[in-house]
Each structure stands twice: as C-alpha cells, then as structure tokens.
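Coordinates in review
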Amino acid sequence: MINGRKVILSGIQPSSSSITLGNYLGALINWVKLQNEYDCCFSIVDLHAITVRQAPQELRANCLSLLAQYLACGIDAQKNIIFIQSHVPAHAELAWILNCYTQMGELARMTQFKDKSKKHHDNINAGLFTYPVLMAADILLYQADLVPVGSDQKQHLEITRDIAERFNSIYGDVFTIPDGYIPKNAARIMSLQDPLSKMSKSDPNPNGCIALLDSPEVIIKKIKRAVTDSDAHVCYGEEKYGVNNLLNIYCAVTSKSIEDAVFEFEGKGYGDFKRAVGEAVVEALSPIQQRYCDLMNNRDYLESVYKAGAQKAGAVADRTMNKVKKKVGFIV
Ligand code: TYM
C-alpha cells in the first residue's frame, strides 16, 4: 500500500524506438485499465536494456520516446508515478543485496536467460544472468501487490516471489509478495510470420512484428501478409496458430469476446477477416500515434514528467531500502 491503496509496478525496456503490439496488448493496455483502481508505478527500465549492447544516443532517444508512448496510450502522469529506472539508484542497490539471497541454480533455469544467451552468444554478460534479480528489486522496492505483464514474464515473477519469501522468512515481513496480472487472450501475441514464436522487436522478419508507431498502410500490409492456414475458416482451434493469434489481436483491440468475433466472421474468408483485423488495429493505434506526435513536440513537458516521477519513486523506494538495510545489519 502506498496511500492505503494496492500497488502496481510494471515496466518496459527502452530497447527500440517503438514498443510492439505485443507489449501494448500484453501489458500497457492493462496498465491503462488498472490505473484507476491502484496506485501505480510505471518504469522505463533502462538498466535492464543495457544487458544487451545499446548505442548511447539511441538509448537516450528511446527512453524519451517510450515515456511519450506510455502517456499517449493513456497513462495519466498526475495519477501515477512514471519514472526512468536509472534515475532511482535504489534499484541497483537493492538488486545487489537480493543477489546475495538468490542461488545461481535458480537463475540458470530462467528460459529468457537461455534464449538471450543463444541470441547474444558473443555477449553473455553477468547482467544478463542476474537480470531477474534486478526485476525483483523493481517490484519489491514499491511493495507491489500486482504486476501486469505478458506471459513471458511469468517465470521472472515466480523467482521474485521466491526471493521475497526467502528474505521475509529470515528477516520478518519486509516485502509484499506480488501477484502477476496476465491477460487471458493477449498474454502472448505471436509473430505474424511465425505464429509459434512470440511477437518481438528482434524478429528477423520485419513483417512478423507490428510496432505501435507503424503507419496505417504498414499495419494493414503486415496483417494482410500474416501466416494463416489452408482451412479458410475463421475460428479458434488447435493448430490454427495464425488465426488464433489474429483473433486474439482483434479481440484485444476491440474488447470483443472470441465467441462474438467468430460469429461475426462466420461464412467470411480470410481476406475479409484480415482486412477487419487490420482496420481495427489501425483504429486503436491512430489516436495513440497522434497523441505521441504531440507529446514528442513537447520535450519540456516530458522532462517535467520524468523528473517528478524520479522524485516520487525515489521517496517510496528509499523507504523500503531503509528497512532492508536495517534488517541485513547495515549502519543507517
Ligand atoms: P519487455 O520490455 O520485454 O516487455 C514489456 C512487456 O510486454 C510484454 N510482452 C508481450 N506480451 C504479449 N505478447 C507479446 N508478444 C509480448 N512481448 C512482450 C512483456 O511480458 C512485458 O510485460 N523484464 C521485463 C521488463 C521489466 C519488468 C520489471 C516488468 C523489468 N522490470 C518489473 C514488470 C515488472 C521485460 O523485459 O519486458
């Protein structure tokens, strides 16, 4: 609890100039929905981003752009704490302490570490290995009750809970044990070109991934080219990975149920279906893109948001840090 209300913490890495439709539908869209019920902290997790090599100028630009995307999607800067992770030193500080309460074996089991080590085999750095501990620090610093994320972060949430429970069992009730909030249908938006892999900005085929800032023409084109099947029947089914994915996307952007969507496309072919999905995505993203452009033209405002966010986040984080330091035996 921050002000007597339950707390949410979540974050996205500023590792490209635009988030993906997967980031939006798996995470951000739910932050917007939940912000009225919870005290929310939304972070731009730049410390996490440097586990993979980033060009400094680009990283700076991506952080500002991500902030504008948060706001453009409807995250309210007055109601919520929006901050850049590296502006709050307590994240790195708590991560170090928690490293000493985390086992190598636990970290070695993380599938994201295994995947990223394969992808970046020339740079398997220690940060990549201890990444989940930093994520645990992000969440536990704010005593978060709920963490809205896509299903790829489930394992990281589990290790966060394990670390927190271990710490609490030694020192008493220091940390709130967080729960995940993972959407039902949009938990894992898949690549449009390979619907067995997650939609990701690092997709080798650019047609597999829709960016939040893609133009309407590009969005329509990518969805038109999406891989489906030879069944030509719009329904949710086993082995209909491509169609299931398009239905999930359609329902997430229109707030319709899968049943209603299937009924709507009864007797229609994939051409009509894809056109409707494309138009629905464009309709959902266009107002966001407009607001994004306005915000990017107002650098002073963006700066004022992240500066205020750093101050507010720092105050909450310092409270937890103080408690942790006393518990482990540091002189404070
Ligand atoms: P990141 O930056 O990879 O992704 C940000 C959010 O988007 C979700 N997501 C998806 N959801 C559905 N379908 C997809 N294809 C898809 N791709 C990504 C992710 O699940 C995530 O919710 N480790 C985190 C960032 C992080 C964090 C945190 C999150 C750092 N500290 C504390 C929550 C709380 C990550 O790399 O997300």
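Residues numbered from 1 in each chain as written. Predicted model: local features only at pLDDT ≥ 70, side-chain atom pairs only at ≥ 80, totals over all residues. Heavy atoms only, no water.

Side note on the nonpolar core
For clarity, the cut-off: Among buried residues, those of type Ala, Val, Leu, Ile, Met, Phe, Trp, Tyr and Cys that are joined through side-chain atoms within 4.5 Å constitute a nonpolar core. Think of it in three bands: residues with accessible area under 20% of the maximum for their type are buried, residues over 50% are exposed, and the middle band is partly exposed, with areas taken using a 1.4 Å probe on protein chains only. We count a stretch as a helix when DSSP gives it H or I for four or more residues in a row; a strand needs E for two or more, and each element gets its number in order from the N terminus. Here, residues are in contact when the closest pair of their heavy atoms is within 4.5 Å.
Leu21, Tyr24, Leu25, Leu28, Tyr70, Phe273 and Val281 are the most contacted members of the largest nonpolar core, which has 69 residues in total. No other element matches the 13 residues that helix H12 (residues 270-296) contributes to this core. Look past the residues within four positions of leucine 21 in its chain and what remains in contact with it is Met199, Ile210, Ile249, Val281 and Leu285. The next biggest cluster of nonpolar side chains, apart from the first, holds 41 residues, and it includes Phe129, Met135, Val147 and Met321.

Comments concerning the environment of arginine 225
Within the secondary structure, arginine 225 sits in the loop between helix H9 (216-224) and helix H10 (241-254). With sequence-adjacent residues up to four places away left out, arginine 225 is seen in contact with Gln193, Asn207 and Lys274.

Some thoughts on unusual backbone geometry
The backbone phi angle of glutamate 239 is positive, close to 65°, even though this residue is not glycine. Relative to the assigned elements, glutamate 239 resides in the loop between H9 and H10.

A look at H10
What counts here: In this scheme, a helix's expected span is set at 1.5 Å multiplied by one less than its residue total.
With 14 residues, H10 ought to run about 20 Å at 1.5 Å a step, and its terminal C-alpha atoms sit 20 Å apart, in line with that. Here H10 lies mainly inside the structure; twelve of its 14 residues are buried. Buried residues of H10: Gly242, Val243, Asn244, Asn245, Leu246, Leu247, Asn248, Ile249, Tyr250, Cys251, Ala252 and Val253, and no others. In this fold, the buried residues of H10 make contact with helix H1 (21-34), H9, helix H11 (258-264) and H12.

Remarks on the site of the ligand
For the record, the criterion: When we say a residue is near a molecule or strand, we mean one of its heavy atoms is within 4 Å of it. N or O atoms within 3.5 Å of each other form a polar contact, as long as, within protein, one can give a hydrogen and the other can take it, and as long as residues adjacent in sequence are counted only when both atoms are side-chain atoms. Using a 1.4 Å probe, the Shrake-Rupley method yields the accessible areas, and only the shown protein chains count as cover for residues. Three residue categories are used. Nonpolar comprises Ala, Val, Leu, Ile, Met, Phe, Trp, Tyr, Cys and Pro, charged comprises Asp, Glu, Lys and Arg, and polar comprises the others, including Gly.
Among the 26 residues in the neighbourhood of the ligand, the closest are listed as Gln13, Tyr131, Asp138, Asp152 and Ile189. One nitrogen or oxygen atom from the main chain of glycine 150 is found 2.8 Å from an oxygen atom belonging to the ligand. Backbone polar atom of isoleucine 189 to a nitrogen atom of the ligand: 2.7 Å apart, as the coordinates give it. About the coverage of the ligand: the protein hides 97% of its 710 Å² of free accessible area. For the shell around the ligand, the secondary-structure elements that each account for two or more residues are strand E1 (7-12), H1 and helix H7 (126-141). Of the residues that constitute the shell around the ligand, the class distribution is 13 nonpolar, nine polar and four charged.

Side note on the pairing of E1
To be explicit about the condition: A pair of strands counts as paired when DSSP detects no fewer than two bridges linking them. When the strands point away from the viewer, a crossover counts as right-handed if the path from the first strand over the helix to the second runs clockwise.
Most of E1 is tucked away, with five of its six residues classed as buried. Of the pairings in the sheet, the one linking E1 to strand E2 (residues 39-44) comprises six bridges and is parallel in character. Opposite serine 10, over in E2, you have phenylalanine 42 as the bridge partner. Read from E1 through H1 to E2, the crossover connection turns out right-handed.

Considerations on the packing of aromatic side chains
Basically, it comes down to this: Centre distance within 6.5 Å is the pairing criterion for rings of Phe, Tyr and Trp, where only the six-membered ring of Trp is used; planes under 30 degrees apart are then read as stacked, over 60 as edge-to-face, and the remainder as tilted.
If you walk through the whole model with that rule in mind, you get ten aromatic pairs. Pairing tryptophan 31 with phenylalanine 42 gives two aromatic rings, centres 4.5 Å apart and planes at 5°, and the pair type is stacked. In this pair, tryptophan 31 sits in helix H1 while phenylalanine 42 sits in strand E2, placing the two residues eleven residues apart along the sequence. Overall, the relative accessible area of 0% leaves phenylalanine 42 in the buried class. Measuring from centroid to centroid gives 4.7 Å for phenylalanine 167 and tyrosine 171, while their planes differ by 45°, and the two rings are tilted. Remark: tyrosine 171 and phenylalanine 167 occur in helix H8 (residues 154-171); sequence separation between them is four residues, near one turn of the helix. The class for phenylalanine 167 is buried, based on a relative accessible area of 0%.

Some thoughts on H8
Between its terminal C-alpha atoms H8 stretches 26 Å, which fits the 26 Å expected from 18 residues at 1.5 Å a residue. Within H8 the residues assigned to the buried category are His156, Leu157, Ile159, Thr160, Ile163, Ala164, Phe167 and Asn168.

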